[in-house]
Every structure is written in C-alpha cells, then in structure tokens.
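# Tertiary structure, described
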Amino acid sequence: MLQGLVQDDHPLTLQHILDRMRRMYGDGEVVTLTDDGTVRATYSEVCERIDRLCSGLESLGVGPGDRVATFAWNSQRHLEAYMAAPCMGAVLHTLNIRLFEDQLTYIANHAKDKVVLVDDSMVPVLEKVAPSFQTVEHYVIMGDGDAGSLPNAIRYEELLADQPGGYDYKPIEDDRQAAGLCYTSGTTGNPKGVLYSHRSDVLHALGQCIADALGICNADRVMPVVPMFHANAWGLPHASMFVGADMVMPSRFLQPEPLARLIEDERVTVAAAVPTIWADLLRWCDEHKPDLSSLRVVPCGGAAVPLELQKAWEERHGVRILQAWGMTETSPVGSVARPPRGVEGDEAWACRAKAGRILPLVEARLVADDGSEVDWDGEQTGELEVRGPWIASAYYEDPSGADKFDDGWLRTGDIAAIDSKGFIRITDRAKDVIKSGGEWISSVELEGELMAHPEVLEAAVIAKPDERWSERPLACVVRSEGSDVSAEDLREHLRSRVAKWWLPDEFAFVDEVPKTSVGKFDKKVLRKRLEEGQLEREPVGAAER
Ligand code: AMP
C-alpha cells in the first residue's frame, strides 16, 4: 500500500483546544449568572485559572488517569474543571446532581472518584451521600458557602490562590487516552459509565462546528442550558472553546425569566436545552415578549421535539429550533434535523420533526428482530445502531452492558426508520425507560419499589406522553387481595425511596398486568390501552422537580 504522507499520528487532544484559547482567543468571554448578578472572565483569565487548578489538583494527589468528579451546575468554574482535569492527564467525571442517593453512591464508588468539586449550593445534597463514597479524598467547594459536614474540604478559590501560577502540561501523546466519564442511567440495572477520549471529544466538537450541524463559530455566544453533567452539555463547551465562541452559563437559574433575561442581556446566539425548558420558556415569552433577536439557532433534543413547539417559537418569536438526536453514548450528537437543500414549506417542517440527518463520520444502520438489515426507505423500522469516532465502544468496567454493542456497532435502543437522505425518524423505544424533562426515570426501579409495598401484587410502569415534561411515569398497579391501598399511599411509599421527580403523578389500578408468552410484563399492551383511553387513571399530585 502506498501510504499518504501526512501527519496521521498527530494527536487530537483537549490540550490543543486549551492552547488555542490561550493563544488566540484570550478576549473570549465566559459569563456566569450568580445570586449577585453576572460574573465575567476572559478566556485569558480562565486559562490562567485552569493552570492553577491543575497544580492545585496535583497538590491534592491527583495524578494521571485519576477521576476528578464535579457535582455542579453550569458555571465558569465547572468549565475550568472541564479543561484542567483532562489536560493534566486526569479524567473529568461529571456526576449528575439529579440522581438519587443510591445511584450516586454506586457511581462515585464505581468510578473511584478521588476528588469532588462541588458547588456550594449543592453541598446539602452531597453531604448526605458523601459518607458512602469510599475513594474520595478531598472535596473542593466552589463558591463562598459552607462546606457543611464534608470531610477534607477546601475552598476552590483558596486552592487556586495557593498555587504559583502556570502549569507544566505533559503532552498527551496518545489521543485515545480517557478524558471524561459520564454515567447514563438509561438502561436497566446499574448506571453505565461512558468513557470519552481526548480524540472523541475533539472530533465531536469539530462535528458540532460544521455548518450542517450547529455551526458553532467564533462570533457565537453560546448558552448551554443543558447541564454540563449530562453528556458534556451536548459538547457545547468543547466546541465553543475550540473556536473561541463566548459562553454564557445560567448556573442553577433555569427558570424562564432568568433564562430569557440572559438571552436578552447577553445577546446569546446559540441556546441549547431539552424540550421541557423551551415549552416553559415559550409560555413566559408569550406573555413578556423579551427581545430574543440575537438567537441564531436553538439546538433541542434529548427527547422528541414536538413540531407544534418548533412552529410556535418560529411563528411567535422568530426563533429557530433545531432538533438533534443523540445519547450519552454518542458524545452525544449523532444527527441534526436540517432540511436538505431545496426542501421548503411543509416538507421542510416534516424533516425538522424528525430526529435528524446522520452527521458526517457517524454511520447508522437499522436492524430487524431477526438480525437482518432494514432498508433506508423511510418506512420500514428496526433498531437504530450507530458507529463512528465519537460513539462508545463499551461501557466502563461493566461487562453487563456488553449486549448493547453489536459487532462494533452501538445498539441505541431506539426504533427508527431512515429515509434515502439519511433522516432518522424515531418511532418507538426498545429500552424500558421513561424520559422526563431530559432525564431518565427507570421504570424497572419504580416497579421494584412499588412491589416492595406489602399491598402491591404487581406493578408495571410505562411512559405517558406529557406536553411539558415530554414523558411522565404512569404506574399500573395490581392491588393484593382485599387491599384498598390508594394512589396517595403508594406515592408516599415511594417518596423516601426514589428521587422526587420520579414520583408518578398518575396511577392506574388494574386487575392484572398483561404478560408476554414468556411471562414478562407486556408493556406494549399497556401502552396501547393508554393510547386508546382504556386505562382508568387516578391523578395524584403534580410532577415535582
Ligand atoms: P441520554 O443518553 O440521556 O442523552 O438519552 C438518549 C436517548 O434520548 C436516546 O436514545 C433517545 O431515546 C432519546 N432522544 C434523544 N434525542 C431524541 C430526539 N430528538 N427524539 C427522540 N428521542 C430522543
């Protein structure tokens, strides 16, 4: 073979992104909303602080490959950790602050986190679970608040102030080195770790920057509303730093008013969030009519984005929502719904209602139940499988997830059709989970907790469509003989066992849960009954955040 004469071995690392920020984009800006208004820093200042954070973490004993966890909202400090940990050779592990205590314990211990950087506002949540963390040696408190009962706590700002400044980065020679770790609770069983590499982060960031994806560029001011603990905030921090786009961080102020004000005041050009956030914001904006004219594009995904929501934004506020599809396992963006050239009007809307067109470097196929490949005719469906340089190849130290990988392809658990132009239309979900407000609820776990109630014989939990949250859990329960346990009783029973936003807001009492031929709960039948209005439902309280 005649080999090309190019620098094929040149590593693609986050150190390169850091270098660009420092050399070329020093005047870039990171804006964070706090209790006391916005705090601003230039990329020059951020880089200087990243250096200090690297030596600070080293002084705490963090070495190559060690896991540095964050338990935090989107902020400048979180961004600093995003770069410091991987660029010093460690691994950034973003803990999902919405998870229930047992899951956090499992995840922190499984990841063997050494240090946790925690927002002061999140200390009360973390201190409840911290005693069960077996490997954490230090907690670093971001902000001025109290460290509570967290052991070996040190303040982030003190840690940085104690450092001499500058940092001697050891070049990352092999870009396949791990850079980030993020667990997904999307499947049954224990949460699964997705371990990104420097190479996958860089290529995914580059993928986000192409015009047919999000087209992030130097002129942008990017606001990730999607949390930095959820699939790298869709890769937006990496992409923004890559091209020197400014970043606007909403921290924990995710209510419609502060978000709208941030967009207006900071002239945000790209704001990304799950459909629930845009549905809430729409109501507020209809009433208050803020100036959103700076918005160039609004990436939205994590769940199907209703066409009516997209149309309402465009028609009433001139804001263009761009649907994207992806998973934690796909870094996460795998497809973006930009209509092909020449397609306009209703046909274009039909494209935008889909999960999108597969991005360059990502390959997709549809696999039928019998293992055969399904044609891309836009009609026939199969399980969507993907592969490519930013798609997970295995879960981190968890062989139980091996069945999600099929001969080099990731099985997404989404059922889809693909048309001849590569547009994915998701039609169903093979995985038994519920996605509410962008986060997973495990139906299997809810069922287990419900069936732990002495008066529950059987419980099957299914997703019911919800305008605000995309989906909410509906618990279908068979009472034990003679019991008249109520929906309220069951909700109270669950309250101490699962995160409060998991609590079903509706129950359906049924005589029997339908079963498949092998005796498993047949949720397809329950879903069909729900669709046809044949499930008598009892509302019990509202969804809680
Ligand atoms: P996560 O790993 O939490 O990001 O969840 C990934 C899953 O969210 C996918 O496998 C889909 O089931 C769902 N999802 C993401 N984006 C979309 C979309 N645009 N339309 C429908 N479902 C989506």
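Shown above is the structure to which this text applies.
Anyway, here's the lowdown on the structure attached to this text.

About the thresholds
The numbers attached to residues start from 1 for each chain and follow its sequence in the written order. Whole-chain, interface and lining totals are the exception, using all residues; otherwise, since this is a predicted model, local features are given only for residues with pLDDT of at least 70 and side-chain atom pairs are given and counted only at 80 or more. To obtain the side-chain values, all non-hydrogen atoms of the structure were included, while hydrogens and water were left out. Patches in this entry comprise residues that are over 30% relatively accessible and not in a salt bridge; like charges within 9 Å are linked, as are nonpolar side chains (Val, Leu, Ile, Met, Phe, Trp, Tyr) within 5 Å. Where accessible areas are quoted, they stem from the Shrake-Rupley method and a 1.4 Å probe; at the residue level, only the protein chains shown are allowed to cover. Here a salt bridge means any side-chain nitrogen of Lys or Arg lying within 4 Å of a carboxyl oxygen belonging to Asp or Glu. When charges are counted, neither His nor the chain ends are considered; positive counts come from Lys and Arg and negative counts from Asp and Glu. The location of each charge is read from NZ of Lys, CZ of Arg, CG of Asp or CD of Glu. Secondary structure elements follow DSSP: runs of H or I of four or more residues count as helices, runs of E of two or more count as strands, with numbering from the N terminus. In this text, near means that some heavy atom of the residue lies within 4 Å of the molecule or strand in question. Any pair of N or O atoms that falls within 3.5 Å is considered a polar contact. Within protein, one atom must be able to donate a hydrogen and the other to accept it, and sequence-neighbouring residues count only if both atoms are side-chain atoms. Here the rule is simple: two strands pair whenever DSSP picks up at least two bridges between them. The contact criterion used is simple: two residues touch if any of their non-hydrogen atoms lie within 4.5 Å. Helix axes use the C-alpha atoms of the stretch in contact, all axes being lines fitted to C-alpha atoms, and the angles between their N-to-C directions lie in the range 0 to 180 degrees. What sets the label is the angle itself: under 35 degrees gives roughly parallel, over 145 gives roughly antiparallel, 65 to 115 gives roughly perpendicular, and the rest give oblique. A crossing counts as left-handed when the near helix is turned anticlockwise from the far one by less than a right angle, and as right-handed when that turn is clockwise. Ten residues, namely Ala, Val, Leu, Ile, Met, Phe, Trp, Tyr, Cys and Pro, are considered nonpolar, four, namely Asp, Glu, Lys and Arg, are considered charged, and the remaining ones, Gly among them, are considered polar. Partly exposed describes any residue whose relative accessible area lies between the buried limit of under 20% and the exposed limit of over 50%, with all areas from a 1.4 Å probe on protein chains only and scaled to the type maximum.

### Observations regarding a negative patch on the surface
A surface patch of like charges, here negative, comprises D484, E488, D489, E536 and E538. By the secondary structure assignment, D484 is in the loop between β26 (470-479) and α14 (487-495).

### Some points on unusual backbone geometry
Here S331 and P332 are connected by a cis peptide whose omega angle stands at 15°. With respect to the element layout, P332 can be found in the loop between β14 (321-326) and β15 (333-336). The backbone of S251 sits at a positive phi, close to 50°, despite the residue not being glycine. Along the polypeptide, S251 turns up in the loop between β11 (246-249) and α9 (256-266).

### Some remarks on the site of the ligand
Taken together, 15 residues are adjacent to the ligand, and A324, T328, D414, K431 and W440 come closest. In the model, an oxygen atom of the ligand is placed 2.6 Å from a nitrogen or oxygen of the D414 side chain. The contact in question runs from an oxygen atom of the ligand to an N or O atom on the side chain of K435, over 2.9 Å. For the ligand, whose free accessible area comes to 500 Å², the fraction covered by protein is 96%. Residue contributions to the shell around the ligand peak at 4 residues, all from β14.

### Looking at the sheet that holds strand β27 (residues 506-509)
Reading across from one edge, β25-β26-β27-β28 is the order of the 4 strands in this open sheet, with mixed pairing throughout. Only two strands of the sheet have a single partner each, and these edge strands are β25 (456-466) and β28 (538-539). Pairing of β25 with β26, which is carried by 10 bridges, proceeds in the antiparallel orientation. Its bridge partner being in β26, A463 is matched across the sheet by P473. Here helix α15 (residues 523-531) sits on the sheet and contacts β25 and β26; the angle it forms with β25, its principal contact strand, is near 55°.

### Topic: the packing of helix α13 (residues 443-451) against α14
With their axes 10 Å apart at the nearest point, α13 and α14 run at an angle of 110° to one another. With respect to each other, α13 and α14 are oriented roughly perpendicular. Pair α13 / α14 crosses with right-handed handedness. Every residue of α14 that contacts α13 at L446, E449 and L450 is listed here: L490, H493 and L494. Classifying every residue of the contact of α13 with α14 gives 4 nonpolar, 1 polar and 1 charged.

### Thoughts on the pattern of salt bridges
Evaluation of the coordinates by the stated rule reveals 42 salt bridges. Measuring nitrogen to oxygen at the nearest pair gives 3.2 Å for the salt bridge that ties D19 to R23. Remark: R23 and D19 occur in helix α1 (residues 14-24); sequence separation between them is 4 residues, near one turn of the helix. By relative accessible area, which is 67% here, R23 ends up exposed. Residues K192 and D398 are paired through a salt bridge, measuring 3.6 Å at the closest nitrogen-oxygen approach. Of this pair, K192 sits in strand β9 (residues 192-197) while D398 sits in the loop between β19 (382-387) and β20 (405-406); the two residues are 206 residues apart in sequence, bridging distant segments of the chain. The class of K192 is buried, set by a relative accessible area of 4%. For D398, a relative accessible area of 11% gives the class buried. Through salt bridges with shared partners, a single ionic network connects E29, R40, R221, D246 and E266.

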